[in-house]
Amino acid sequence: MSDKTVTLEDMAVACSTGQVAAQRGLYKRLYPYVMSIALHYAGQREEAEEITQDSFVKLFYQLRKTVPTGSIRAYMSRVVINTSIDLIRKRKRQPITEEITDRYLNKAGRSRNLGSDRLEEAEIYRLLQMLPPSYRLVFNLHVLEGYTHPEIGEKLGISEGTSKSNLSKARKKLKQLAKDFYQLNEAYDFE
């Protein structure tokens, strides 16, 4: 049986019995999906990699106890989101010592194809990563994951009003960051 004909759910069942090859296969098949979700929540790529690794550890630990019913992709999505929230809460207690926009916006020599009117995927991730963690978290949960403000409030332990406020502030900050990003790139006009 080839790797592509085995479903993710079949692999999860095999993982629950301790089959290392199944764990390796599940990791290989889910990694791009998990990493794409982690990048939405992470402040930088290294943080997304940490979220991804922690999520797989949690998945494999859970599979030793019981195999979730339904889609493994959907289950893993919840694991990644919850792992991201946990990491953001943990890091929230640590002081920020560097202004994020300075790190990303003041790099000399950055250029971009100004002929394109749309943002590239990497630029969108970069802009999302510049948001403060609380804004980024609410933005991602509402816009990307489809959670309502009451659901976000319950999940994060904040009020519905705080969720709405953080979303509004995130949108304003993203507009400003995008504006700054493009003005900065236009300043690198090569004569």
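Residues numbered from 1 in each chain as written. Predicted model: local features only at pLDDT ≥ 70, side-chain atom pairs only at ≥ 80, totals over all residues. Heavy atoms only, no water.

With that out of the way, let us pick up the overall build of the protein. Each helix and strand counted, the protein has 9 helices and 0 strands in total. Restricting the contact set of the protein to residue pairs at least 6 apart, pairs at least 24 apart contribute 68%. In the form shown here, the protein has an accessible surface area of approximately 11,200 Å², with 51% of it arising from carbon and sulfur atoms. (Helix = DSSP H or I, 4+ residues; strand = E, 2+ residues; numbered from the N terminus. Contact = heavy atoms within 4.5 Å. Areas by Shrake-Rupley, 256 points an atom, 1.4 Å probe, with all protein chains shown as cover.)

Taken as a whole, the protein shows an average pLDDT of 79; of its residues, 76% reach a score of 70 or greater. Low pLDDT (under 50) marks residues 185-191, which in the prediction has 10 contacts with non-local residues, meaning those over four places away or in another chain. (pLDDT = per-residue confidence, 0-100.)

The tally for this structure, following the rule as stated, stands at 3 salt bridges. The salt bridge involving K58 is made with D86; its shortest N-O contact spans 3.4 Å. One end of the pair, K58, is in helix α3 (residues 45-65); the other, D86, is in helix α4 (residues 72-92), with 28 residues separating them in the sequence. Residue classification places K58 among the partly exposed positions, given a relative accessible area of 37%. (Salt bridge = Lys/Arg side-chain N within 4 Å of Asp/Glu carboxyl O. Buried < 20%, exposed > 50% of the residue type's maximum accessible area, 1.4 Å probe, protein only.)

The set of residues buried in helix α8 (residues 149-156) consists of H149, I152, G153 and L156. For α8, the buried positions fall inside an angular range of 100° around the axis, keeping them on one side. Immediately beyond the C-terminal end of α8, within one or two residues, lies G157, with a positive phi of roughly 75°. (Arc of directions from axis to C-beta.)

Moving on: helix α7 (residues 133-144). Compared with an ideal rise of 1.5 Å per residue, which puts 12 residues at 16 Å, α7 spans 15 Å between its outermost C-alpha atoms and is within 8% of the ideal. Within the sequence span of α7, burial applies to Y135, R136, L137, V138, F139, N140 and L141. Directly beyond the C-terminal end of α7, a positive phi value near 80° is found at G146. (Expected span 1.5 Å × (residues − 1).)

With that settled, the discussion passes to the nonpolar core. Membership of the largest hydrophobic core comes to 48 residues, with the highest contact counts inside it found for L26, L30, L59, M76 and L141. Ignoring any residue separated from it by four or fewer positions in sequence, one finds L141 in contact with Y41, I81, I85, G146, Y147, I152 and L156. (Core = buried A, V, L, I, M, F, W, Y, C linked by side-chain atoms within 4.5 Å.)

Glancing now at the packing of aromatic side chains. Tallying each qualifying case throughout the model produces 3 aromatic pairs. Aromatic pair Y27 and Y31: ring centres 5.5 Å apart, planes at 45°, arrangement tilted. Residue Y27 and its partner Y31 are located together in helix α2 (residues 20-41), separated by 4 residues, close to a single helical turn. Consider the rings of Y27 and F56, whose centres lie 4.5 Å apart with planes at 50°: the pair is tilted. With a gap of 29 residues between them, Y27 in helix α2 and F56 in helix α3 connect regions that are remote in the sequence. The class of F56 is buried, set by a relative accessible area of 2%. Ring pairing ties together the aromatic residues Y27, Y31, F56 and F60, which thus form one cluster. Above the ring of Y33, the side-chain terminus of R73 is found at 3.8 Å from the ring centroid. (Phe/Tyr/Trp six-rings, centres within 6.5 Å; stacked < 30°, edge-to-face > 60°. Lys NZ or Arg CZ within 6 Å of the ring centre and 35° of its normal.)

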